[in-house]
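Here are the chains, one letter per residue:
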Amino acid sequence: EDDVKKLSNIEFVGFKTGDELRELIQKAKFSVYPSECNENCPFSVLESQMYLTPVIGSNIGGIPELIQVGKTGELFEAGNSDDLYNKIRMLNDSPELLQEYTDNCKNIDIETTESYYKKLMKIYEGKI
């Protein structure tokens with residue numbers, strides 16, 4: 001963390017919610033989720049795409065199910081910093097590709113928490 005804080009193009013903004021968080025996500029070129037945990041459905045990935053921000057995420061847990069590789073973002077091997085670096089460079093250095101990914105985020109169906117809950121309950125109740 002100390003090494004990252006020394007970088008001139010990184011700003012630590014602390015915990016954000018609501019409009020502050022939405023504004024940060026919308027202004028970002030893309031979001032990076034370098035998780036090494038097997039999260040089932042990380043809302044932060046959905047949230048980024050909902051705000052038309054492409055995602056670079058680790059290929060672990062539920063993240064690969066949420067990112068359309070080559071359309072709304074990229075995946076990298078969890079824990080592989082070289083792979084992550086290459087994906088960041090690829091999107092950062094290609095404005096046309098980045099714009100294409102951003103445009104593709106407009107076309108994905110992001111489920112609301114409520115609709116996700118209803119579908120999950122149907123599964124639990126044996127109705128699906």
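First things first, this report covers the structure right here in the doc.

Basis of the calculations
Residues numbered from 1 in each chain as written. Predicted model: local features only at pLDDT ≥ 70, side-chain atom pairs only at ≥ 80, totals over all residues. Heavy atoms only, no water. Pairing = 2+ DSSP bridges. Helix = DSSP H or I, 4+ residues; strand = E, 2+ residues; numbered from the N terminus. Axes fitted to C-alpha atoms, helices over the stretch in contact; angles between N-to-C directions. Salt bridge = Lys/Arg side-chain N within 4 Å of Asp/Glu carboxyl O. Buried < 20%, exposed > 50% of the residue type's maximum accessible area, 1.4 Å probe, protein only. Polar contact = N/O pair within 3.5 Å; in protein donor to acceptor, adjacent residues only side chain to side chain. Contact = heavy atoms within 4.5 Å. Phe/Tyr/Trp six-rings, centres within 6.5 Å; stacked < 30°, edge-to-face > 60°. Lys NZ or Arg CZ within 6 Å of the ring centre and 35° of its normal. 1 Å grid on protein atoms, 1.4 Å probe; cavity = no way out; pocket = protein on both sides within 12 Å on 5 of 7 lines; lining within 4 Å. Points joined across faces, edges and corners; volume = space filled by probe spheres on them. Nonpolar A, V, L, I, M, F, W, Y, C, P; charged D, E, K, R; others polar. Patch = residues over 30% accessible without salt bridge, like charges linked within 9 Å, V, L, I, M, F, W, Y side chains within 5 Å. Areas by Shrake-Rupley, 256 points an atom, 1.4 Å probe, with all protein chains shown as cover.

**Some thoughts on the sheet that holds strand β3 (residues 73-76)**
In spatial order, the strands read β1-β2-β3; together these three strands make up an open sheet with parallel pairing. Among the strands making up the open sheet, the edge pair consists of β1 (31-33) and β3. Here the strands of the sheet are splayed against their neighbours by 15° on average, with no regard to which way each runs. When β1 meets strand β2 (residues 55-58), the two strands line up parallel, connected through three bridges.

**Considering the pattern of salt bridges**
Note on pairing: side chains with opposite charge can pair once their charged atoms come close. In the structure shown here, the tally under the stated rule is eight salt bridges. Here glutamate 125 ties to lysine 127 by a salt bridge, and the two come within 3.3 Å at their closest N and O atoms. Of the residues examined, glutamate 125 reaches a relative accessible area of 45% and is grouped as partly exposed.

**Describing the side chain of serine 58**
Relative to the helices and strands, serine 58 resides in strand β2. There is a polar contact of 2.5 Å between the side chain of serine 58 and the backbone oxygen of serine 35. Dropping the residues within four chain positions of it, serine 58 is found in contact with Tyr33, Pro34, Ser35, Ile63, Pro64, Leu75, Phe76 and Ala78.

**Side note on the packing of aromatic side chains**
Enumeration over the complete set of coordinates arrives at zero aromatic pairs. The lysine or arginine in question, lysine 5, covers the ring of phenylalanine 12, its NZ or CZ lying 5.2 Å from the ring centre.

**A short note on the layout of surface pockets**
In this structure, the largest pocket encloses a volume near 1,200 Å³. Lining the largest pocket are 24 residues, with Ile10, Glu11, Ala28, Phe30 and Val32 sitting closest to its centre. Mapped onto the lining of the largest pocket, the elements with two or more residues apiece are α2 (18-27), β1 and α3 (43-50). At four residues, the largest contribution of residues to the lining of the largest pocket is made by α2. When the residues that make up the lining of the largest pocket are grouped by side-chain class, the tally is 15 nonpolar, four polar and five charged.

**Looking at unusual backbone geometry**
Even without being a glycine, leucine 52 presents a positive backbone phi close to 65°. Position of leucine 52 among the secondary structure elements: in the loop between α3 and β2. You can call leucine 52 partly exposed: its relative accessible area is 32%.

**Thoughts on a nonpolar patch on the surface**
Side chains of Val4, Leu7, Ile10 and Phe12 sit close together on the surface and give an oily, nonpolar patch of about 330 Å² of accessible area. Within the secondary structure layout, valine 4 lies in helix α1 (residues 2-5). By relative accessible area, valine 4 is classed as partly exposed at 35%.

**Some remarks on the environment of valine 45**
Structurally, valine 45 is set in helix α3. Separated by 24 residues in sequence, valine 45 and leucine 21 place their C-alpha atoms 13 Å apart. In contact with valine 45, not counting residues within four places along its chain, are Tyr33, Val55, Ile63, Leu66 and Ile67.

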